[in-house]
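Take a look at the letters that make up each chain.
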Amino acid sequence: MKNILLVDDEANDRMLRSGPIENIYGSGSVSEATSGQEALDYIVQQTPDLVLMDIEMPGFSGIETAKRMRAAGYTNPIVLWTARASLVDRLNPSELGVDDIVDK
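Described in the following lines is the structure provided in the data block. (Residues numbered from 1 in each chain as written. Predicted model: local features only at pLDDT ≥ 70, side-chain atom pairs only at ≥ 80, totals over all residues. Heavy atoms only, no water.)

Concerning the sheet that holds strand β2 (residues 30-33)
Defined as follows: When DSSP finds two or more bridges between two strands, those strands count as paired. Note on conventions: DSSP H or I runs of at least 4 residues are helices, E runs of at least 2 residues are strands, and numbering of each starts at the N terminus. The axes are straight lines fitted to the C-alpha atoms, using for helices just the contacting stretch, and the angles between their N-to-C directions are given from 0 to 180°. Residues count as neighbours in contact if any of their non-hydrogen atoms are within 4.5 Å of one another.
The strand order across the open sheet formed by 5 strands is β2-β1-β3-β4-β5, and the pairing between neighbours is parallel. Two strands lie at the open edges of the sheet, namely β2 and β5 (100-103), each paired on one side alone. When strand polarity is set aside, the average angle formed by the axes of neighbouring strands in this sheet is 20°. In the sheet, strand β1 (residues 4-7) pairs with β2 via 4 bridges, with the strands oriented parallel. Bridge pairing in β2 links I4 to V30. The sheet strands contacting helix α2 (residues 36-45) are β1 and β2, and the helix crosses β1 at an angle near 160°. Packed on one face of the sheet, helix α3 (residues 62-71) meets β3 (50-54) and β4 (78-82) and runs near 155° to β3.

Here is the structure:
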């Protein structure tokens, strides 16, 4: 079973993404975090196969959280998402240490 961590401060966004993922990978395949700090705490205890994370969150942004995850030794894929489509074209995933950046 896959273990996918969804990180977003918006409950609706987490809910919209968790359902389809669980339909594909099975019930219990999605874990959720509501902040960058919560995601960092999670990866210390478990190693998700994939992190899907919002860029714009209070506290640590998704970009800062991804950098901290990489510094902590997390090597699995990280995909950032944003509601601001203009950011998708301007940001370079490899410069940020993530695997991709997608539009919500």
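Read on for the rest.
Overview of the packing of aromatic side chains
Just so we agree on the cut-off: Planes of paired rings set the category: under 30 degrees apart is stacked, over 60 is edge-to-face and the rest tilted, where pairs are Phe, Tyr or Trp rings (Trp by its six-membered ring) whose centres lie within 6.5 Å. The rule is short: NZ of Lys or CZ of Arg within 6 Å of the ring centre and within 35 degrees of the ring normal puts a charge over the ring.
In this structure the tally under the stated criterion is 0 aromatic pairs. In this structure, R17 is placed above the aromatic ring of W81, and the distance from its NZ or CZ to the ring centre is 4.4 Å.

Re the nonpolar core
What counts is decided by this rule: Nonpolar core, defined: a set of buried Ala, Val, Leu, Ile, Met, Phe, Trp, Tyr and Cys residues in which side-chain atoms within 4.5 Å join the residues together. Remark: exposure states derive from per-residue accessible area (1.4 Å probe, protein chains only) relative to the maximum for the residue type, with buried under 20%, exposed over 50%, and partly exposed in between.
Membership of the largest hydrophobic core comes to 20 residues, with the highest contact counts inside it found for L5, V7, V51, M53, M69, I78 and L80. Every element with two or more residues in this core is listed here: β1, α2, β3, α3 and β4. When residues of this core are assigned to their parent elements, the largest contribution, 4 residues, is made by α2. Once residues lying within four places of it in the same chain are set aside, the contact partners of M53 are V7, G62, T65, A66, M69, I78, V79, L80 and W81. Membership of the second largest hydrophobic core comes to 7 residues, among which are I21, V30, L52 and V79.

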